Amino acid sequence: MKEMWNARYSAETYAYGTAPNAFLKESLANFPVTGKMLFAAEGEGRNAVYAASQGISAYAFDISEAGKAKAEMLAQKMGVSLKYEVGAFENLELNAEQFDAAALIFAHFPPPLLAPYHQRIGQLLKPGGLVMVEAFSKGNLPYREKSPAIGGPPNTEMLFSTEMMEEHFAGFEVLQLEDVEVTLSEGQFHNGTGKVIRFVGRKP
Ligand SMILES: C[S@@+](CC[C@H](N)C(=O)[O-])C[C@H]1O[C@@H](n2cnc3c(N)ncnc32)[C@H](O)[C@@H]1O
């Protein structure tokens, strides 16, 4: 798994581009964040770098060393700084209730792992903290079959539903939750029309 991501991020170009994910950018405009924000499975850093450019103190993590190197290059190019740890969700050694917000952008994991990972994100947020999630919907499969360039996991177990968000973030105030068709233009790997789950929630 780690080898696959390191290989993908070893290319000179950015796999998902250097611009932030459109939903993340829009969510930060709709629900402004000040303070510390966690970027889980952040890859080459496009979202954390954008947040840092908006004055947010960005803390990213990912299993990929190559991802970290690309993120640091992007941060330097954009004249911002960010913290980036190489590490896995399951090994996060972070204190609870320290983040004002968290972003999970296309952070897909097998079913036994996903709910505990989301619960861990919930623990790391301060009361009142925001979580912003965009991930491919179970409804993306027909889009992917028709047009593979949209990307996303090929198997339904790894895909998201609105019910999963309600369950994994039970007790959160739901500020936005939708299963929606979108057109993505993100580097080499997310291009075309597909279906995503978008969730913004506030921890009580
Ligand atoms: C589709 S990429 C998304 C990257 C980034 N969020 C973005 O939108 O540009 C999924 C990322 O999950 C990371 N990943 C996979 N397993 C992980 C784990 N157990 N803990 C942390 N990150 C992981 C991969 O290295 C990869 O960067």
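Refer to the structure above for everything that follows.
Predicted, not measured: the structure shown is a model, and the values here were computed from it.

Q: Just checking my understanding: could you explain the sheet that holds strand β5 (residues 125-136) for this structure?
A: Whether parallel or antiparallel, the strands of a sheet pair through hydrogen bonds between backbone atoms. In spatial order, the strands read β3-β2-β1-β4-β5-β7-β6; together these seven strands make up an open sheet with mixed pairing. In this open sheet, the two strands that pair with only one neighbour each are β3 (83-86) and β6 (173-186). Averaged over all pairs of adjacent strands, the angle between strand axes in this sheet comes to 15°, irrespective of strand direction. Bridge count between strand β4 (residues 99-105) and β5: six bridges; the pairing is parallel. Note on β5: the bridge partner recorded for Ala101 is Leu130. Its contacts with the sheet put helix α3 (residues 46-53) on β1 (36-40), β2 (57-62) and β4, and the angle it makes with β2 is roughly 170°.

Q: What should I look at first to understand the site of the ligand in this one?
A: Around the ligand, 17 residues are found, and the nearest of them are Trp5, Ala41, Gly43, Ala88 and Ile105. Here the residues of the shell around the ligand are counted per class, giving 10 nonpolar, four polar and three charged.

Q: Help me understand α3 in this model?
A: In an α-helix, one full turn covers 3.6 residues, which means residues spaced three or four apart are oriented alike. Burial analysis of α3 places seven of its eight residues in the buried class, which makes it a mostly covered element. The complete set of buried residues in α3 reads Arg46, Asn47, Ala48, Val49, Tyr50, Ala51 and Ala52. One or two residues past the end of α3 sits Gly55, with phi positive at roughly 90°.

Q: Whenever I open this one, the nonpolar core confuses me. Can you help?
A: Soluble globular proteins tend to bury their nonpolar side chains together. Among the nonpolar cores identified, the biggest contains 53 residues, and Met37, Ala40, Ala58 and Ala102 are the most heavily contacted of them. Counting residues per element, this core draws most heavily on β5, which supplies seven residues. Ignoring sequence-local partners within four residues, the contact set of Met37 consists of Ala51, Ile56, Ala58, Phe99, Asp100, Ala101, Ala102 and Ala103. Ranked by size, the runner-up nonpolar core spans five residues in total, among them Tyr9, Tyr14, Ala15 and Tyr16.

Q: Before we go on, may I ask you to explain unusual backbone geometry in this structure?
A: Trans peptide bonds make up the majority, and among non-glycine residues the majority have a negative phi. Backbone geometry places Glu97, a non-glycine residue, at a positive phi of 55°. The exposure class of Glu97 is exposed, given the 12 C-beta atoms found within 10 Å. Of note in this structure, Phe106 is not a glycine but carries a positive phi near 55°. Topologically, Phe106 is positioned in the loop between β4 and α5 (111-124). Given 22 C-beta atoms within a 10 Å radius, Phe106 is considered buried.

Q: When you look at the pairing of strand β7 (residues 190-202) in this model, what are you seeing that I'm missing?
A: Moving residue by residue along a regular strand, the side chains alternate between the two faces of the sheet. Note that β5 and β7 share seven bridges and pair antiparallel. For Phe136, the partnering residue across the bridge sits in β7 and is Val196. Hairpin geometry of β6 and β7 is characterised by an intervening segment of three residues between the two adjacent antiparallel strands and by a positive phi of about 55° at Gly187.

Q: What am I meant to see in the packing of α3 against helix α4 (residues 65-78) here?
A: A pair of packed helices can be characterised by two numbers: the angle between their axes and the separation between those axes. The interhelical angle for the contact between α3 and α4, taken along N-to-C directions, is 30°, at an axis separation of 9 Å. The orientation of α3 relative to α4 falls into the category roughly parallel. The crossing of α3 and α4 is right-handed. Touching Arg46, Ala48, Val49, Ala52 and Ser53 of α3 are Ala71, Leu74, Ala75 and Met78, all from α4. Looking at the contact of α3 with α4 residue by residue, the classes come out as seven nonpolar, one polar and one charged.

Definitions and cut-offs
Residues numbered from 1 in each chain as written. Predicted model: local features only at pLDDT ≥ 70, side-chain atom pairs only at ≥ 80, totals over all residues. Pairing = 2+ DSSP bridges. Helix = DSSP H or I, 4+ residues; strand = E, 2+ residues; numbered from the N terminus. Axes fitted to C-alpha atoms, helices over the stretch in contact; angles between N-to-C directions. Contact = placed C-beta atoms within 7 Å. Near = placed C-beta within 6 Å. Nonpolar A, V, L, I, M, F, W, Y, C, P; charged D, E, K, R; others polar. Buried ≥ 20, exposed ≤ 12 C-beta atoms within 10 Å, placed from the backbone. Core = buried A, V, L, I, M, F, W, Y, C linked by C-beta atoms within 7 Å. Parallel < 35°, antiparallel > 145°, perpendicular 65-115°, else oblique. Left-handed = near helix turned anticlockwise from the far one by under 90°.

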